[in-house]
Amino acid sequence: MSSALTDLCRYPIVQAPMAGGVSGPQLVGAVAEAGGLGFLAAGYKTADGMYNEIKRVRGLTRQPFGVNLFMPQTGHADPSEVEVYRHQLAGEALWYETALGEVDSCGDDGYEAKVAILLEDPVAVVSFTFGCPSRETLDAFAQAGTYTVVTVTSAEEAQAAQWAGADAVCVQGVEAGGHQSTHRDDPQADHTGIGLLSLLAQVRESVQLPLIATGGLMRGSQIAAVLAAGADAAQLGTAFLATPESGAHLLHKQALTNPLFVRTAMTRAFSGRPARGLVNRFVTEHGPYAPAAYPQVHHLTSGLRKAAAKAGDAQGMALWAGQGHRMARELPAGELIDLLAAELEAARAALSVRSAE
């Protein structure tokens, strides 16, 4: 790893920030204590809520950890398309006996307030999803001593991040669970994502920044593979979903290895932005008709998702998961870090033996 990343964690293993309550203080603290780099997800939280969780993590570990921010969404969704989708979801509202959410919420996710808090009371790392901050913002974090990471899905996005002054980029392959962190939400680009190894090679040849690879990684041997392909560290999300420290709903954790859910797909059904999740009834019935309208659709379906979880109905939940979901292991986060590190060393040793033959 680059020296700056080496200073942040014992192993080149990063726990992905998973919004919606999944990567909260317990998970982040456990990962950090075990030698990985844990990330709090600030998305969908208030600035005060984010800061309270930061304080809780600091009470659990003295090791470095990161906070992930959603960039403000400036695209303007077509209100008529959102209304058509609202009518389509009327039956779901009746079924779950809950109201559909309001869609006039601001799309900035409290970004400026969160940035202000993180500059006033810095954490070790801040990463960004759904876009790239301004040079002024990244310079301010540099002056505060904070390492910055921009999530990218193309070589062009990586170049923009380098130009703006990011310290590193997180290269997200199409295999990744949850939202694709495209900087521009273009419906014409749906289903054109690039696999991690191909994307990693393209980005490696385009920028001179440390790379964190993410997308479908579940084993230490896969971490070894992306490190050999030019990454400085590997970020895993779905691998940590099933841990007891994860804040994911029990049905979500069980669905990862449930034979009822055999594949994942990219869908706009729950949020209006492309995101990879397990294919269930909701994805099948509504995915083809969901508009490109984030965060409007996210707010529209929020009550439905909560009601489905309360009813114990995984077919109506957003079951975000990467392509390697069936390899999930129900281990405490610290044990998972230890196992991944051991698998990584074993893979490296095997590669050295083959090279010597």
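So, here is what we can say about the structure in this document. All values derive from a computational prediction rather than experimental measurement.

The rules we used
- Residues numbered from 1 in each chain as written.
- Predicted model: local features only at pLDDT ≥ 70, side-chain atom pairs only at ≥ 80, totals over all residues.
- Heavy atoms only, no water.
- Pairing = 2+ DSSP bridges.
- Helix = DSSP H or I, 4+ residues; strand = E, 2+ residues; numbered from the N terminus.
- Buried < 20%, exposed > 50% of the residue type's maximum accessible area, 1.4 Å probe, protein only.
- Right-handed = clockwise from strand over helix to strand, strands pointing away.
- Phe/Tyr/Trp six-rings, centres within 6.5 Å; stacked < 30°, edge-to-face > 60°.
- Lys NZ or Arg CZ within 6 Å of the ring centre and 35° of its normal.
- Arc of directions from axis to C-beta.
- Contact = heavy atoms within 4.5 Å.
- Axes fitted to C-alpha atoms, helices over the stretch in contact; angles between N-to-C directions.
- Parallel < 35°, antiparallel > 145°, perpendicular 65-115°, else oblique.
- Left-handed = near helix turned anticlockwise from the far one by under 90°.
- Nonpolar A, V, L, I, M, F, W, Y, C, P; charged D, E, K, R; others polar.

The strands that make up a sheet pair up through hydrogen bonds in the backbone, lying either parallel or antiparallel. In spatial order, the strands read β7-β11-β10; together these three strands make up an open sheet with antiparallel pairing. Two strands in the sheet have a free side with no partner beyond their single neighbour: β7 (178-179) and β10 (264-267). Pairing of β10 with strand β11 (residues 275-278) involves four bridges; the strand directions are antiparallel. If you follow Thr267 over to β11, its bridge partner there is Ala275.

The next point concerns the pairing of strand β3 (residues 65-70). Counting buried positions along β3 gives six out of six residues, so the element sits mostly inside the fold. On β3, burial covers both faces: Phe65, Val67 and Leu69 on one face and Gly66, Asn68 and Phe70 on the other are all buried. Between the parallel pair strand β2 (residues 38-41) and β3, the chain is carried across by helix α3 (residues 47-60), and the sense of this crossover is right-handed. The pairing of β3 with strand β4 (residues 125-129) spans five bridges and is parallel. Bridged to Val67 within β4 is Val126.

Here the focus is the pairing of strand β6 (residues 168-172). Burial analysis of β6 places five of its five residues in the buried class, which makes it a mostly covered element. Burial along β6 is two-sided: Ala168, Cys170 and Gln172 and Val169 and Val171, pointing in opposite directions, are all buried. Here strand β5 (residues 147-152) runs beside β6; their pairing, made up of four bridges, is parallel. In the strand pairing of β6, Val150 is matched with Val169. Viewed along the sheet, the connection from β5 through helix α8 (residues 155-164) into β6 turns out right-handed. Inspection of the sheet shows β6 paired to strand β8 (residues 211-214) by four bridges, in the parallel sense. The residue bridging Val169 from the neighbouring strand is Leu211, located in β8.

This part covers the packing of aromatic side chains. Think of a pair of aromatic rings as described by two things: how far the centres are apart, and how the planes are tilted against each other in angle. This structure, assessed with the given rule, holds six aromatic pairs. Arranged with centres 5.2 Å apart and planes meeting at 85°, the rings of Tyr44 and Phe70 form a pair that is edge-to-face. Taken as a pair, Tyr44 in the loop between β2 and α3 and Phe70 in strand β3 lie far apart in primary sequence, 26 residues in all. Pairwise contacts between aromatic rings join Tyr44, Phe70, Phe130 and Tyr294 into one cluster. The ring of Trp163 carries Arg135 above its face, with NZ or CZ at 5.0 Å from the centroid.

Here we come to helix α7 (residues 135-143). Listing the buried residues of α7 in full gives Thr137, Leu138 and Phe141. Summarising the axial view, the buried residues of α7 lie within an arc of 95°, below the 170-degree limit, and thus occupy one face. Opposite its buried face, α7 presents the exposed residues Glu136 and Gln143, each directed more than 90 degrees away. Each element contacted by the buried residues of α7 is listed here: α6 (111-120), β4, β5 and α8.

This part covers the packing of helix α10 (residues 220-228) against helix α15 (residues 333-356). One way to put it is that α10 packs onto α15 with a least axis distance of 7 Å and a crossing angle of 55°. When the interaxial angle is binned, α10 and α15 end up oblique. The handedness of the crossing between α10 and α15 is right-handed. Of the residues in α15, those touching α10 at Gly220, Ser221, Ile223, Ala224 and Leu227 are Leu340, Glu343, Leu344, Ala347 and Arg348. Residue classes in the contact of α10 with α15 are distributed as six nonpolar, two polar and two charged.

Spatially, the eight strands line up as an open sheet ordered β1-β9-β8-β6-β5-β4-β3-β2, and their pairing is parallel. Each edge of the open sheet carries a strand with a single partner, namely β1 (13-15) and β2. Between one strand axis and the next, the sheet turns through 25° on average, direction left out of account. Across the sheet, α3 lies against β2 and β3, angled at about 165° from β3, the strand it touches most. On the sheet, α10 packs against β1, β8 and β9 (233-236) and is oriented at approximately 135° with respect to β9.

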